[in-house]
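# A structural walkthrough
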Amino acid sequence: MEMDGRQQRGLEIAATKQITKKGAMWVVPSQSDKGRYGVTIDGDTKHCTCPDFEERQQPCKHVFAVEFVMRRETVTDGDTTVITETAAVRVTYAQNWPAYNAAQVSEKATFVKLLRDLCAGIPEPPQSMGRPRLPLADMIFSAGFKVYSTVSARRFMTDLREAHADGLISQLPCYNSIFNYLESEELTPIIRDMVTRSALPLRAVETDFAIDSTGFTSTQLMGVWRAEKYGAKATRREHDWLKLHAVCGVNTNVIAAVEVTPRNSQDSPQFAPLIEATAQHFNVQRVLGDKAYSSRANLELTESKGAVPFIPFKSYAVGTTKNETWNRLYHYYALNRDEFLKAYHKRSNVESTFSAMKRKFGDFVRSRTPIAQVNELLLKVLAYNIVCVVHSMHEFGVNPSFPA
């Protein structure tokens, strides 16, 4: 995408001006609309009637504008040109069935070992009084394993007793203790950090990332008080829900950064913190997002991280703003639609990520209080990431190790 000044101005002319062809000559309006220049291109021989070309005898912005137009058009009959349309192509990927089968049959056994490795680095908070607390690492392991099991806490106790017998936890807690620990606000940053660390074994595989959000239903009903006041038929009873914002790699679908917000929060404000967090640990080369993230600040942030943003512009967007980055990318994508769509189709991987996580671990949270709901949802992401690492061990030969 690197261009010099004349190439950039040529791109803007091609995107905003009407360039026509008469015989062997292209008629190019000046950028200031104060004249027209004739451009001829015959193989490596290029000529323009503008003063800049006459003085330098090197391609000017009008020559570059014609070259950009020639890339998107095909000469069919004489002077008639037709714009080449990009056809929608369904992209499919081959399944590595031997690796998939090996990962599936050993997933649970490998999952608990990797989860224990992640929990091993959790420091134990100091205690000066009261009954001895259960080890924090054991409780986070128990809560994460419980979320992975997708069953109720009481039914999960059989799996937890087996984990205790295998030495994965030092003390066997009661199921009520798991609920109590999920209510702790101090757990939220710890689990979020574990999500980040769980993705790090795949940083050598992931360079392109997709960003989006999705919702998870809670058990809490809205509108009940209206039913009491106006009658059951006078109001609609709905479940509340949380919004999960995530950045995922497009090769393994592992989630590199995550944030949980209330249900009506907007997507675009979460772009900067998520991309900042991802760039701290990954070599981000491309960022793929839908139009909800189309803003000048988001484009500039992506480029400041050394990455290329593949974010489509909204229908009312123009390329004549005062923001140089916005204008350059707007004109580039307007004239390089094939290249844009070739990369942009990978954005659908974030939809696949959400779908896979909901199918495996459910599209709802069981907890009742807001803090416990956030912690439970983050544990779903953690469990999903560990599963991605397990599958990558068989498919890519990854040998996972988690930094403290």
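The structure under discussion appears in the preceding block.
Predicted, not measured: the structure shown is a model, and the values here were computed from it.

## Structural notes on helix H12 (residues 296–304)
Inspection of H12 places Asn298, Leu299, Leu301 and Thr302 among the buried residues, and these make up the whole buried set. Projected onto a plane normal to the axis of H12, the buried residues spread over an arc of 165° and lie on a single side. Relative to its buried face, H12 has exposed residues pointing more than 90 degrees away, namely Ala297 and Ser304. Of the residues one or two after H12, Gly306 is the one with positive phi, at around 80°.

## Quick word on the side chain of Asn253
One can find Asn253 in the loop between strand S8 (238–249) and strand S9 (255–262). Within polar-contact distance, the side chain of Asn253 engages the side chain of Asn349 at 3.3 Å. For Asn253, the contacting residues outside a window of four places in its chain are Glu206, Cys248, Asn349, Ser352, Thr353, Tyr384 and Cys388.

## Some words on the layout of surface pockets
The calculated volume of the largest pocket comes to roughly 980 Å³. Lining the largest pocket are 30 residues, and of these Gln95, Thr252, Asn253, Ala356 and Tyr384 sit closest to its centre. Of all the elements in the fold, those that place two or more residues in the lining of the largest pocket are helix H4 (97–105), helix H15 (348–361) and helix H16 (370–395). Here the element with the most residues in the lining of the largest pocket is H15; it accounts for eight residues.

## What to know about the pattern of salt bridges
On inspection of all chains with the given rule, the structure shows 16 salt bridges. Among the ionic pairs, Lys360 bridges to Glu107, the shortest N-O distance being 3.0 Å. Of this pair, Lys360 sits in helix H15 while Glu107 sits in helix H5 (residues 107–119), and the two are 253 residues apart along the sequence. Note on Lys360: relative accessible area 34%, which makes it partly exposed.

## What about the packing of aromatic side chains?
If you walk through the whole model with that rule in mind, you get 16 aromatic pairs. Between Phe340 and Tyr344, the aromatic rings sit 5.2 Å apart at their centres with planes inclined by 15°, giving stacked as the arrangement. Taken together, the positions of Phe340 and Tyr344, both in helix H14 (residues 337–344) and four residues apart, correspond to about one turn of that helix. We classify Tyr344 as buried; its relative accessible area is 18%.

## Here's the deal with the packing of helix H1 (residues 5–16) against helix H13 (residues 324–335)
Two elements in contact, H1 and H13, have axes separated by 9 Å at closest approach and are oriented at 60°. As far as their axial angle goes, H13 and H1 are oblique. Classified by chirality, the crossing of H13 by H1 is left-handed. Side by side, H1 and H13 meet where Gln8, Leu11, Glu12, Ala14, Ala15 and Thr16 of the first sit next to Asn327, Arg328, His331, Tyr332 and Leu335 of the second. The residue inventory of the contact of H1 with H13, partitioned by class, reads five nonpolar, four polar and two charged.

Calculation rules
Residues numbered from 1 in each chain as written. Predicted model: local features only at pLDDT ≥ 70, side-chain atom pairs only at ≥ 80, totals over all residues. Heavy atoms only, no water. Buried < 20%, exposed > 50% of the residue type's maximum accessible area, 1.4 Å probe, protein only. Helix = DSSP H or I, 4+ residues; strand = E, 2+ residues; numbered from the N terminus. Arc of directions from axis to C-beta. Polar contact = N/O pair within 3.5 Å; in protein donor to acceptor, adjacent residues only side chain to side chain. Contact = heavy atoms within 4.5 Å. 1 Å grid on protein atoms, 1.4 Å probe; cavity = no way out; pocket = protein on both sides within 12 Å on 5 of 7 lines; lining within 4 Å. Points joined across faces, edges and corners; volume = space filled by probe spheres on them. Salt bridge = Lys/Arg side-chain N within 4 Å of Asp/Glu carboxyl O. Phe/Tyr/Trp six-rings, centres within 6.5 Å; stacked < 30°, edge-to-face > 60°. Axes fitted to C-alpha atoms, helices over the stretch in contact; angles between N-to-C directions. Parallel < 35°, antiparallel > 145°, perpendicular 65-115°, else oblique. Left-handed = near helix turned anticlockwise from the far one by under 90°. Nonpolar A, V, L, I, M, F, W, Y, C, P; charged D, E, K, R; others polar.

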